[in-house]
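One letter stands for each residue in the lines below.
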Amino acid sequence: MRAILVLLHRWFGLAVAVFLFIAGVTGALISWDHELDAWLNPQLFHARSADRPDAGPPLPGLELARRVEAAEPALRVTYVLTEAEPGHTISMMVEPRLDPATGKLPVLDYNQIAVDPVTGDIQGRRMWGAISLARENLLPFLYKLHYTMHLPDVGGIETGIWLMGIIGIVWTLDCFIALYLSFPNWRSWRKSLAFRWREGGHKLNFDLHRSGGVWIWGLLLILAVTSVSMNLERQVMRPILQSVSTLSAGPFDTRTPIAPDKVPEPRISREQAVALGRAQGQKLGLTEPVGGVFYSGMFGVYGVGFFQPGNDHGDVGLGNAWLYFDAMSGAYEGGKIPGRGSAGDIFLQAQFPLHSGRILGLTGRVLISLMGVLVAMLSVTGVIIWVRKRRARLQQRDRLAAQKTPAREGPVVQAR
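Reference entry: report on the structure contained in this document. (Residues numbered from 1 in each chain as written. Predicted model: local features only at pLDDT ≥ 70, side-chain atom pairs only at ≥ 80, totals over all residues. Heavy atoms only, no water.)

## Considerations on unusual backbone geometry
Basically, it comes down to this: Secondary structure counts use DSSP, requiring at least four H or I residues in a row for a helix and at least two E residues in a row for a strand, with both numbered from the N terminus. Burial classes follow relative accessibility: with a 1.4 Å probe on protein chains only, a residue under 20% of its type's maximum area counts as buried, one over 50% as exposed, and anything between as partly exposed.
Even without glycine at this site, M149 takes up a positive phi of about 55°. Among the structural elements, M149 can be located in the loop between α4 (135-148) and α5 (159-182). The class of M149 is buried, set by a relative accessible area of 12%.

## Considerations on the sheet that holds strand β6 (residues 301-306)
Threshold: DSSP bridges decide pairing: two strands pair if at least two such bridges lie between them. To define axes, lines are fitted to C-alpha atoms, for helices over the stretch in contact only, and angles between the resulting N-to-C directions are given on a 0 to 180 degree scale. The contact criterion used is simple: two residues touch if any of their non-hydrogen atoms lie within 4.5 Å.
Strand order across the open sheet formed by eight strands is β4-β3-β2-β1-β5-β6-β7-β8, with antiparallel pairing between neighbours. Each edge of the open sheet is held by one strand with a lone partner, namely β4 (122-126) and β8 (332-336). Across the sheet, the mean angle from the axis of one strand to that of its neighbour is 25°, orientation sign disregarded. Where strand β3 (residues 112-115) and β4 come together, four bridges link them in antiparallel fashion. Looking at β4, one finds that I113 is bridged to R125. In this fold helix α3 (residues 61-71) packs onto β1 (75-81), β2 (90-96), β3 and β5 (290-296), with an angle of close to 165° to the strand it touches most, β1.

## Observations regarding the pattern of salt bridges
Selection rule: Just to be clear on terms, a salt bridge is a Lys or Arg side-chain nitrogen sitting within 4 Å of an Asp or Glu carboxyl oxygen.
Applying the stated rule across the entire model yields 20 salt bridges. Of the charged contacts in the structure, one is a salt bridge between R196 and D207, with a shortest N-O distance of 2.7 Å. With R196 in the loop between α5 and α6 (201-215) and D207 in helix α6, the pair connects residues that are eleven residues apart, well separated along the chain. Between E333 and R255 there is a salt bridge, with the nearest N and O atoms lying 3.1 Å from each other. Within this pair, whereas E333 is found in strand β8, its partner R255 is found in the loop between α9 (251-254) and α10 (270-283), the two being separated by 78 residues in sequence.

## Focus: the packing of α5 against helix α7 (residues 217-231)
Our working rule: In these notes the angle categories are as follows: under 35 degrees is roughly parallel, over 145 is roughly antiparallel, 65 to 115 is roughly perpendicular, and the rest is oblique. Crossings are classed by handedness, with left-handed meaning an anticlockwise turn of the near helix from the far one by less than a right angle and right-handed meaning a clockwise turn. All amino acids are sorted into three groups, where Ala, Val, Leu, Ile, Met, Phe, Trp, Tyr, Cys and Pro are nonpolar, Asp, Glu, Lys and Arg are charged, and the leftover types, Gly among them, are polar.
Interaxial distance between α5 and α7 falls to 8 Å at its minimum, and their mutual angle equals 150°. Taken together, the axis directions place α5 and α7 in an arrangement best described as roughly antiparallel. By crossing handedness, the relation of α5 to α7 is classed as left-handed. On α7, the residues that touch G160, I161, M164, G165, G168, I169, W171, T172, C175, F176 and L179 of α5 are W217, L220, L221, L223, A224, V225, S227, V228 and N231. Of the residues that constitute the contact of α5 with α7, the class distribution is 14 nonpolar, six polar and no charged.

## Here's the deal with the pairing of β6
Summarising burial for β6: six of the six residues are buried, a large majority. The alternating pattern of β6 places V301, G303 and G305 and Y302, V304 and F306 on opposite faces, both of which are buried. One ladder, built from six bridges, connects β5 with β6; its direction is antiparallel. Bridge assignment links V293 to a residue of β6, and that residue is V304. Hairpin connection from β5 to β6: four residues lie between these consecutive antiparallel strands, with G300 at a positive phi of about 65°. With six bridges connecting them, β6 and strand β7 (residues 321-326) associate as antiparallel partners. Among the inter-strand pairings, V301 is bridged to a residue of β7, identified as D326.

## What about the nonpolar core?
Keep this limit in mind: Here, the term nonpolar core denotes a set of buried Ala, Val, Leu, Ile, Met, Phe, Trp, Tyr and Cys residues that are joined through side-chain atoms within 4.5 Å.
Membership of the largest hydrophobic core comes to 31 residues, with the highest contact counts inside it found for V77, V80, M92 and V293. Among the secondary structure elements, those contributing two or more residues to this core are α3, β1, β2, β3, α10, β5, β6 and β7. Beyond its immediate sequence surroundings of up to four residues, V293 is in contact with L62, T78, Y79, V80, R270, A273, V274, Y302, G303 and V304. Among the nonpolar cores identified, the runner-up in size contains 23 residues, and F141, L142, W217 and M371 belong to it.

## Quick look at the packing of helix α1 (residues 2-30) against α4
Between α1 and α4, the shortest axis-to-axis distance is 9 Å and the interhelical angle comes to 140°. As far as their axial angle goes, α4 and α1 are oblique. In the crossing of α1 with α4, the sense of the turn from one axis to the other is left-handed. Between α1 and α4, the contacting residues are I22, A23, T26, G27, L29 and I30 on the first element and L142, Y143, L145 and H146 on the second. The residue inventory of the contact of α1 with α4, partitioned by class, reads seven nonpolar, three polar and no charged.

## Describing the pairing of β1
Of all seven residues making up β1, seven are buried, and the element is well covered by its neighbours. The pairing of β1 with β2 spans five bridges and is antiparallel. Residue pairing for β2: R76 is matched across the bridge by E95. Strand direction decides the pairing type here: β1 and β5, joined by three bridges, are antiparallel.

## Some thoughts on α4
To keep it simple, the criterion reads: Any helix carries an expected span of 1.5 Å times its number of residues minus one.
An ideal rise of 1.5 Å per residue puts 20 Å on 14 residues; α4 measures up with 20 Å between its terminal C-alpha atoms. Buried within α4 we find N137, L139, P140, F141, L142, L145, H146 and T148. Looking at the packing, one finds that the buried side of α4 touches α1, α2 (33-40), β4, α5 and α12 (351-356). The positive-phi residue at the C-terminal boundary of α4 is M149, with phi of around 55°.

Right, dumping it as structure tokens:
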């Protein structure tokens, strides 16, 4: 049994090592993606009007979105904050709007803009998630690399998301295999927690891999399981949870997405969606203000979020509350309210906060950043152990082969 598990651990580890190394390094960085992005690209985050005391008061985000769409009819604002954080721009996500004259979608080379909340000027544009190492694209590039490896979709299948979800499944299984292998017997359990710092070399590399994995095993399992949950929620995690708990179905679970060039104009405006959200939020006892609104044309849904300015990322706990409304009728389509719902609902709500560390606020983000480095370290040390053992096996095979080969006899010299 142990020999089989050793083989599984070896080949599971080798199969996912490169991907986990990349995910670990990028995860360590994107724990601070907003801070690093703002440092690299101040034009996308710092409002120029904030440097002028006489600039005037900021405009509401909904008014700014109207102005952007009026100035550029070829685009639709799909996400906007209702109010800017003091001194900051308002970030908007945009998409091309169907041209009624041609029935086709215009081409936009950007999907995110930064707007000065006082002047309404667009300070910067970028294609979020583009394969580019330019300053304005670096952090979004790393973020998307983390969970898709930037693999292209094939036949409508998100191959990158599927790949990383499958890797999460293999990683989860390997966590249990590795824990079992780390304790060959209970009499020598202390060795599985120790590090031979003074001896260095191969012994220390082995301890970093085995003992290092044991010390952080629980956190590794959390990262592995949450990877599966976020990449393959509908395909894997929801079916598993539904076998033990009731799950609330939202519009993104029950509706079939529409092709981008078939998306109709919504009958409900952003302003109406925000008003509906505010009214429904009061009924549900939500205390935070409406902080943002998004529109998903492919699903025909508005989402209204509740948070304070500057907390749109959900920096602590289970994140922000979101309520959903039909974009044609305005009918309430349910929502995601942190801490409410069935045990399965709350489990799903916790997946991103756990994976990102935001469930513990700043402390959690520091911890997850450190975990990213450790995951990369475990990947490297595992490969080094395999290379060393493989070299030893090949050398032993060559020695055995040499021992089995009979010595050649010298030429026979015949006397004349």
